[in-house]
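# Observations on the three-dimensional arrangement
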Amino acid sequence: MLLLFAALTALPIVLTVHLVELALVLPVLSLLLFAEAAIAALAARVIRVRTSVANLTLWDFAGAFTFMGCAAAILGEPDQAALFFEEEAALRPVTRP
């Protein structure tokens, strides 16, 4: 279970560093970790496993992903998040009615 947690934590970090500009890493990583937290919470709700061998549940993983997402959001600067959304808006084609 801990190996799965490590893989699900390391994979977004590696992909984000390689695919996104360095200034945008923390905002994008924050969004990815919040998405992972939501997926882990949904899985915990559906599976309803009480405990595992190490007394860890999927709820613990959802909380850890949320905590890491908050940390990434706090460490990132607001200018970086604004830059991310401006870049996304620039990639969309302008359609006029």
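One numbering rule holds for all chains: residues counted from 1, following each sequence as written. Two thresholds apply to this predicted model, a pLDDT of at least 70 for residue-level local features and 80 or more for giving and counting side-chain atom pairs, whereas whole-chain, interface and lining totals are computed over all residues. To get the side-chain values, all heavy atoms of the structure are used, and hydrogens and water are removed first.

## Topic: the side chain of Thr16
We apply this condition: Strands are runs of DSSP state E lasting at least two residues, helices are runs of H or I lasting at least four, and both sets are numbered from the N terminus onward. Here, residues are in contact when the closest pair of their heavy atoms is within 4.5 Å.
With respect to the helices and strands, Thr16 occurs in helix α1 (residues 2-19). If sequence neighbours within four positions are ignored, Thr16 has contacts with Val25, Val28, Leu29 and Leu32.

## Things to note about a nonpolar patch on the surface
Applicable threshold: The residues that make up patches have over 30% relative accessible area and no salt bridge, and they are joined within 9 Å when like-charged or within 5 Å when they are Val, Leu, Ile, Met, Phe, Trp or Tyr. Reported accessibility uses the Shrake-Rupley method at a 1.4 Å probe radius. Residues are deemed covered only where the shown protein chains occlude them. By definition here, a salt bridge exists when the distance from a side-chain nitrogen of Lys or Arg to a carboxyl oxygen of Asp or Glu is within 4 Å.
On the surface, Leu11, Leu15 and Leu19 cluster together to form a nonpolar patch covering roughly 330 Å² of accessible area. With respect to the helices, strands and loops of the structure, Leu19 is situated in helix α1.

## Thoughts on the packing of α1 against helix α2 (residues 25-47)
Formally: An axis is simply a line fitted to the C-alpha atoms; with a helix, the fit covers only the stretch in contact. Between two such axes, the angle follows the N-to-C directions and lies from 0 to 180 degrees. Orientation labels follow simple angle bins: below 35 degrees gives roughly parallel, above 145 gives roughly antiparallel, 65 to 115 gives roughly perpendicular, and whatever is left gives oblique. Left-handed describes a crossing whose near helix is turned anticlockwise from the far helix through less than a right angle; right-handed describes the clockwise counterpart. For this classification, the nonpolar set comprises Ala, Val, Leu, Ile, Met, Phe, Trp, Tyr, Cys and Pro, the charged set comprises Asp, Glu, Lys and Arg, and every other residue, Gly included, is treated as polar.
As a packed pair, α1 and α2 sit with axes 10 Å apart at the nearest point and diverge in direction by 150 degrees. As the angle between them shows, α1 and α2 are arranged roughly antiparallel. The way α1 lies across α2 gives a crossing that is right-handed. Side by side, α1 and α2 meet where Leu8, Pro12, Ile13, Thr16 and Val17 of the first sit next to Val25, Val28, Leu29, Leu32 and Glu36 of the second. Among the residues forming the contact of α1 with α2, the class breakdown is eight nonpolar, one polar and one charged.

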